[in-house]
Amino acid sequence: MATEPLYFTTPLFYVNAEPHLGHTYVTLVGDVLARFWRARGRTVLTLTGTDEHGDKIAQAAAAAGVEPKAHADRVSGLFRSTWEAVGFRYDHFIRTTDAYHVAFVRSVLADIHARGDIYFGSYRGLYCFGCERFYQERELVDGVCPDHRVVPTVIAEENYFFRMSAYQERLRATLEARPALIVPEGYRNEVLALLREPIGDLCISRPKSRLAWGIELPFDERYVTYVWFDALLNYVSALDHLGRMELWPAAHHLIGKDILKPHAVFWPTILMAAGLPLFQRLCVHGHWQMQQGKMSKSVGNVVRPLDMKARYGMDAFRYYLLREMAFGQDAEFSETALVQRLNGDLANGLGNLASRVLAMQQRYFAGVLRPLAPEAPDERLRAAFAEARRELDAHVADLAFHRALEALFRALDHANKYVVETAPFTLAKDEARLPRVGAILHELCEALRVTAQLVEPFLPETASRLAGLLGFPPVRLGELGLPWGTAFPAGHATRPPEPLFPRVEVVPE
Ligand code: MSP
């Protein structure tokens, strides 16, 4: 079980908006999970990318006065350069306009058509362009799309349909049998509720006369496929392209609650029709709310990751996002709260500990580590970090990143208290007590080393700076779980302190 490979995916982002907070959050979660599991020896592949076909993109391109492909090239490039600039890693970036993806979608369509699960029919329905899907009357709230708050457009035309209803019962039974298929549980319950009503069939095409910007159906050149059928298949087409099909079905799809239905209903039934096993887990996060309501360009409250990095440093932004949001629930974004976390937890908690310890190391021992000694209070410090590691591992497995960080910062509090209680700065006034001072500081350097390792998935830049200050190149931090007291070879020296997190005094309005 614990050696299974892991395949993490983010949603493919529409190229009608530039990278903002929401895109950043889910991509960050993918980055954290990949770093975390790799450090624990697991094989990991991560995928992200852009969703480039459909009405929305065609409209955005027209508004910008360029061809859809040129528009998609620019915005897709912006996603890649932004992730690069903020240090998010991923193994592959897929674009739904990539030739291999287009060919894959066509072959799956041909296959499902040949098996009889795609049919031609006429349809009249309520369509939301924002969601790129038809709505059933009962899904609307006061007659408008609950997400975009617009009255859907009535569209009547002849189209191709995927016989989704044929798989409803199998999907329901699977979801009953596999409680961990959709997490957190509230979202699984939402989907089970959806499945109590008939889900109907899925319209999967658009006539080219209405929309040409899509993938042409292999069995009718007058039509292109509907966005979701195209976009969802990316999770498999990428693996096929990379020659990594052994990673299917190890997929953990990270998505926001806005796209739950396509991922929890359309996607598994498409997989069933294509004869493929279902993904491992659908991990659904909540939304970031802004104080002034929904984040939007017109309100001018769009949070751009590069602005946040420039203002506070990327690690402080990462910390805030991961510490503030309970995965699955909504959270409110506030720069005031971000600055409080930065000054409180990061500068006072972690930064202060590192600078005190490294400063004393310099002052008393020119940085050179002294031997450990068996003392009862020291054991409590070790135990606090061992406990933090256990808790952190369990919480990350549950996607409770806020709890994982809380556990680690509890141990850091403990370390700060240990400094006060053992008072090495007082002991050092008596020459005879210097061996004890050396032992205390060695304990604290171990605490900082373990912190660097445990914090790496969340705050990678801090981890490597901390490693450097401790006198290690980052790769030499050693294995996670290296016994306490064995990390520093004889004569090893730490470096003089440098502030890890300068405090921020002014909070922008
Ligand atoms: N293209 C589709 C997804 C296709 S997946 C095969 C799409 N794209 S999107 O650009 O709109 O991105 C949606 C995702 O961005 C959400 O599911 C969520 O992960 C993230 N977020 C966008 N806005 C968000 C917030 N305000 N808060 C948190 N994340 C949200 O849907």
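The structure under discussion appears in the preceding block.
All values reported here derive from a predicted model rather than from experimental measurement. (Residues numbered from 1 in each chain as written. Predicted model: local features only at pLDDT ≥ 70, side-chain atom pairs only at ≥ 80, totals over all residues. Heavy atoms only, no water.)

**Notes on the overall build of the protein chain**
Okay, so step 1: Broken down by element type, the protein chain carries 17 helices and 15 strands.
Okay, so step 2: Compactness check: the protein chain gives a C-alpha radius of gyration of 26 Å against a globular reference of 23 Å for 509 residues, within 12% of the reference.
Okay, so step 3: With respect to the three principal axes, the spread of C-alpha positions in the protein chain is 90 × 50 × 40 Å.
Okay, so step 4: Expressed as a percentage of its 509 residues, the buried residues of the protein chain come to 56%.
Okay, so step 5: Partitioning the contacts of the protein chain with sequence separation of at least 6, the portion at a separation of at least 24 is 77%.
Okay, so step 6: Counting every atom, the protein chain has about 21,000 Å² of accessible surface; 52% of that belongs to carbon and sulfur. (Helix = DSSP H or I, 4+ residues; strand = E, 2+ residues; numbered from the N terminus. Rg over C-alpha atoms; globule rule 2.2 N^0.38 Å. Buried < 20%, exposed > 50% of the residue type's maximum accessible area, 1.4 Å probe, protein only. Contact = heavy atoms within 4.5 Å. Areas by Shrake-Rupley, 256 points an atom, 1.4 Å probe, with all protein chains shown as cover.)

**Remarks on the pairing of strand S13 (residues 281-285)**
Okay, so step 1: Among the 5 residues that make up S13, 5 are buried, leaving the element largely enclosed by the rest of the structure.
Okay, so step 2: Along S13, one buried face is formed by Arg281, Cys283 and His285 and the opposite face, lined by Leu282 and Val284, is buried too.
Okay, so step 3: Across 2 bridges, the pairing between strand S7 (residues 182-183) and S13 is parallel. Bridge assignment links Val183 to a residue of S13, and that residue is Cys283.
Okay, so step 4: Relative to S13, strand S12 (residues 251-256) is paired through 5 bridges, and the arrangement is parallel. By the bridge assignment, His252 is partnered in S13 with Arg281. (Pairing = 2+ DSSP bridges.)

**Here's the deal with the site of the ligand**
Okay, so step 1: In the vicinity of the ligand, 22 residues are found, and the nearest of them are Leu12, Asp51, Asp258, His285 and Trp288.
Okay, so step 2: Taking Leu12, its main chain carries an N or O atom lying 2.7 Å from a nitrogen atom of the ligand.
Okay, so step 3: In the complex, the protein chains occlude 91% of the 670 Å² of accessible area that the ligand would expose alone.
Okay, so step 4: Elements with a contribution of two residues or more to the shell around the ligand: strand S1 (6-14), helix H1 (21-39), helix H7 (227-232) and helix H8 (234-242).
Okay, so step 5: In terms of residue class, the shell around the ligand is built from 11 nonpolar, 9 polar and 2 charged. (Near = heavy atom within 4 Å. Polar contact = N/O pair within 3.5 Å; in protein donor to acceptor, adjacent residues only side chain to side chain. Nonpolar A, V, L, I, M, F, W, Y, C, P; charged D, E, K, R; others polar.)

**A word on the packing of helix H4 (residues 99-114) against helix H9 (residues 260-274)**
Okay, so step 1: Their axes nearest at 9 Å, the elements H4 and H9 cross at an angle of 70°. Classed by the angle they form, the pair H4 and H9 counts as roughly perpendicular. The chirality of how H4 crosses H9 is left-handed. Touching Val108, Asp111 and Ile112 of H4 are Ile270, Ala273 and Ala274, all from H9.
Okay, so step 2: Classifying every residue of the contact of H4 with H9 gives 5 nonpolar, no polar and 1 charged. (Axes fitted to C-alpha atoms, helices over the stretch in contact; angles between N-to-C directions. Parallel < 35°, antiparallel > 145°, perpendicular 65-115°, else oblique. Left-handed = near helix turned anticlockwise from the far one by under 90°.)

**Examining the nonpolar core**
Okay, so step 1: By size, the foremost hydrophobic cluster in this structure holds 167 residues, and its most contacted members are Tyr7 and Phe333.
Okay, so step 2: Per-element tally for this core: the top contributor is helix H12 (residues 335-365), with 13 residues.
Okay, so step 3: Dropping the residues within four chain positions of it, Phe333 is found in contact with Leu21, Trp288, Gln289, Met290, Gln291, Val303, Met308, Phe317, Tyr320, Leu321 and Leu338.
Okay, so step 4: Judged by nonpolar contacts, the second largest core, of 6 residues, contains Leu126, Cys128, Tyr135 and Leu140. (Core = buried A, V, L, I, M, F, W, Y, C linked by side-chain atoms within 4.5 Å.)

**Side note on the side chain of Arg133**
Okay, so step 1: By the element assignment, Arg133 lies in strand S5 (residues 133-135).
Okay, so step 2: A relative accessible area of 8% places Arg133 in the buried class.
Okay, so step 3: Among the polar contacts listed, one links the side chain of Arg133 to the side chain of Glu139, at a separation of 3.4 Å.
Okay, so step 4: With residues near it in sequence (within four places) discarded, Arg133 still touches Leu126, Tyr127, Cys128, Glu139, Tyr226, Lys261 and Phe266.

**Observations concerning the sheet that holds strand S11 (residues 220-225)**
Backbone-to-backbone hydrogen bonds join strands into a sheet, with any given pair of strands oriented parallel or antiparallel.
Okay, so step 1: What the 3 strands build is an open sheet, ordered S9-S11-S10; its pairing is antiparallel. The outermost strands of the open sheet, each flanked by one partner alone, are strand S9 (205-207) and strand S10 (216-217).
Okay, so step 2: Where S9 meets S11, 3 bridges bridge the pair, whose relative direction is antiparallel. Residue Pro207 lies in a different strand from S11, and its bridge partner there is Tyr223.

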